[in-house]
Amino acid sequence: MMERLFETFRKYITLPVIAGGLLFALGLFGVTLLLLSASRGAADPVGASTPLINIIPASTATPLAPMSPPTQTPLPAAPTLPPLPPGTIAVGAYVQVNGTEGDGLRLRTEANLSSQVAFLAAEGDVYQVIDGPRQGDGYTWWYVIDPYDQSPQGWAVATYLAVIQNP
Amino acid sequence: MTKPTGITVNRSRQEVIVQWGDGHTSLFTFSFLRRVCPCAECRGGHDQMGLLPGAEVYALPPEDTPAMRLRKLEPVGTYGVTIEWEDGHHYGIYQWQFLRDICPCAECRAQAEHGG
Ligand SMILES: [Zn+2]
Ligand SMILES: [Zn+2]
């Protein structure tokens, strides 16, 4: 039974069959190489994937100290701020991100929860209110801007903003 | 994998802000980036390189020491950046995927905790 099967098998494995198989395998290999190089080229165009690097120098208020003495004491983690005075948020007021439990506050491009996050403001960060209030998704929103940089800015939920007197 | 479209080094706030191609924004303090330096020396061996930092690193307060002050941030090819610190250390290469994986924002931390 097994011998017969083997015999039939041998009858079919002739030189042309072997050559054909080899050619087919070579062809497959070539196509794979071509596909690989094509997909790599598309995913990684040279030069296009280097992001823009923007360096903001230290402001004169907080200079970098490259020549600082070696015995410098580390700055306190977060300045312990006095209890926040009660106040109402208004345009022109300085506000501090407060009550996010360290999670930070999303500054959005529009006064609603579905708009893009423009910046993640850290707990304790100080901003100036320049627009608002607006209502959106059940929240009151104020447009805040970083008074030092001007660049981090966006709509913030009033719940996590506390008015401060002197930034 | 998403790549950054912009990186801002803010020296006055000692922060690095990475804007990602998918719209996400990551905000890293200088101290945090130094603490998670992915180089072999800081990780304690080449086999530890690029391992993700433990949850405790996120809770550490920022520090203002030469080791934690960023001197230079430069692109490395098209896959990451390298940072030189004021104490001279400059071996770490922060690849995009690594930077995205260590994003300290609440959203990404929650995802990391749930194995995402
Ligand atoms: Zn290192
Ligand atoms: Zn994130």
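Above this text you will find the structure in question.
In this report, we go over the structure that sits alongside the text.

About the cut-offs
- Residues numbered from 1 in each chain as written.
- Chains lettered and ligands numbered in written order.
- Predicted model: local features only at pLDDT ≥ 70, side-chain atom pairs only at ≥ 80, totals over all residues.
- Heavy atoms only, no water.
- Donors = N, O, S within 2.8 Å, 3.2 Å for Na, K, Ca; no water.
- Tetrahedral: all angles 85-135°; square planar, octahedral: opposite > 155°, others 65-115°.
- Buried < 20%, exposed > 50% of the residue type's maximum accessible area, 1.4 Å probe, protein only.
- 1 Å grid on protein atoms, 1.4 Å probe; cavity = no way out; pocket = protein on both sides within 12 Å on 5 of 7 lines; lining within 4 Å.
- Points joined across faces, edges and corners; volume = space filled by probe spheres on them.
- Helix = DSSP H or I, 4+ residues; strand = E, 2+ residues; numbered from the N terminus.
- Nonpolar A, V, L, I, M, F, W, Y, C, P; charged D, E, K, R; others polar.

## Here's the deal with the coordination of the zinc ion (ligand 2)
All names here are of chain B. Within the protein, the zinc ion (ligand 2) binds to H24 (NE2), C103 (SG), C105 (SG) and C108 (SG); these donor distances fall in the range 2.1 to 2.4 Å. Each of the 4 donor atoms bound to the zinc ion (ligand 2) contributes to angles spanning 102 to 119°, and the resulting shape is tetrahedral. Mapped onto the sequence, the residues coordinating the zinc ion (ligand 2) show the spacing H-x78-C-x1-C-x2-C. The residues C103 and C105 share a single accessibility class, namely buried.

## A look at the layout of surface pockets
Residues and elements named next belong to chain B. Quantified by volume, the second largest pocket comes out at close to 380 Å³. Secondary structure elements with two or more residues in the lining of the second largest pocket: α3 (55-59), α4 (96-101) and α5 (106-113). When the residues that make up the lining of the second largest pocket are grouped by side-chain class, the tally is 7 nonpolar, 3 polar and 4 charged.

## Re the coordination of the zinc ion (ligand 1)
Residue and element names in this part refer to chain B. With distances of 2.1 to 2.3 Å, the protein atoms coordinating the zinc ion (ligand 1) are C37 (SG), C39 (SG), C42 (SG) and H89 (NE2). Considering all 4 donor atoms around the zinc ion (ligand 1), the spread of angles at the metal, 102 to 116°, places the coordination shape in the tetrahedral class. Spacing between the donor residues of the zinc ion (ligand 1) along the chain follows C-x1-C-x2-C-x46-H.

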